[in-house]
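# Fold and contact review
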Amino acid sequence: PQKPCTDSFHTITGTVLKDDVVIGGDEGVSSAGAVMTTFDQISVINAANGLIIRKEPQNAGLTSTSRTTNSLVSNFQAVAFDSENEAASFDHCATSGGYTQNSAMEDYVPGGDFVTNALTAPFPLGPCLVYQPSTSPLASAGVGASSIPVAVGANVLYQYNPDGTLSTMPLWTSAGFPCGEPLSVAGDGGAPVVINQDCADVAAQHLNVASMGCASPY
């Protein structure tokens with residue numbers, strides 16, 4: 001079989017990743033040759049490398065393109081935004097310091113015309129991880145539809161409707177993170193055990209939502 005399949009009917013195009021947060025790891029986000037992909041309002045925090053767009057040899061037959069907007073890479077070790085072997089662009093993106101004293105640390109590779117409206121001033125995140133507090137310079141430093149100011153970096157605030165559209169219902173509430181319907185399964189000895197609720201405390205315990213000095217987003 002042909003690798004890759006260059007038949008447009010069988011090629012996935014136009015993928016959009018928006019308001020995603022990655023904490024830690026070797027590469028925050030990696031694309032190996034996607035077609036017409038958009039990365040918007042992505043936050044990569046404490047990863048060795050940030051957003052890596054690198055077309056692999058097996059995808060040489062594809063016309064790979066991607067666009068990254070309003071995204072943030074913070075406390076990285078090597079490269080924040082990297083594009084190799086494909087047409088990629090970075091607009092209204094921000095970098096904020098590496099977590100090691102690495103003289104080879106770079107914000108953009110290769111840079112040049114691929115990068116527009118780069119935000120290079122220090123943008124300390126403080127304890128906030130999944131949204132930009134209103135006091136942050138990044139809270140309105142990006143540009144959205146119709147040139148409306150938006151946050152640079154993820155702003156994960158509201159739940160999605162079953163049809164995939166964004167609602168106005170807060171995601172972070174005093175009731176805890178919405179983990180989905182509880183499931184009852186047989187535990188050791190046959191006694192019923194309720195599962196699927198372990199994520200309820202993820203907001204305050206792991207993501208510093210309205211805790212650890214990060215103000216509530218609402």
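Residues numbered from 1 in each chain as written. Predicted model: local features only at pLDDT ≥ 70, side-chain atom pairs only at ≥ 80, totals over all residues. Heavy atoms only, no water.

Turning our attention to the sheet that holds strand β7 (residues 79–84). If you walk across this open sheet you meet the 4 strands as β2-β4-β7-β10, and the pairing is parallel. Each edge of the open sheet carries a strand with a single partner, namely β2 (27–31) and β10 (106–109). Between one strand and the next, the sheet's axes are offset by a mean angle of 10°, whatever the strand orientation. Pairing of β7 with β10, which is carried by 3 bridges, proceeds in the parallel orientation. By the bridge assignment, Phe-81 is partnered in β10 with Tyr-108. (Pairing = 2+ DSSP bridges. Helix = DSSP H or I, 4+ residues; strand = E, 2+ residues; numbered from the N terminus. Axes fitted to C-alpha atoms, helices over the stretch in contact; angles between N-to-C directions.)

A word on a nonpolar patch on the surface. A cluster of nonpolar side chains, contributed by Tyr-158, Tyr-160, Leu-166 and Tyr-218, occupies part of the molecular surface with about 420 Å² of accessible area. Relative to the helices and strands, Tyr-218 is located in the segment after α1 (202–206). (Patch = residues over 30% accessible without salt bridge, like charges linked within 9 Å, V, L, I, M, F, W, Y side chains within 5 Å. Areas by Shrake-Rupley, 256 points an atom, 1.4 Å probe, with all protein chains shown as cover. Salt bridge = Lys/Arg side-chain N within 4 Å of Asp/Glu carboxyl O.)

The element β7 is largely enclosed, with a buried count of 5 among its 6 residues. Bridge analysis of strand β4 (residues 49–54) against β7 gives 4 bridges, and the strand direction is parallel. Its bridge partner lying in β7, Arg-54 is registered against Glu-84. (Buried < 20%, exposed > 50% of the residue type's maximum accessible area, 1.4 Å probe, protein only.)

This structure, assessed with the given rule, holds 1 disulfide. Covalently, Cys-128 is tied to Cys-214 through a disulfide, its sulfur atoms 1.9 Å apart. The chirality of the disulfide connecting Cys-128 with Cys-214 is right-handed, given an S-S dihedral of about 110°. Taken together, the residues span a long stretch of sequence, with Cys-128 in the loop between β11 (115–116) and β12 (142–143) and Cys-214 in the segment after α1 at a distance of 86 residues. You'll find Cys-128 and Cys-214 in the same group, each marked buried. (Disulfide = S-S within 2.5 Å.)

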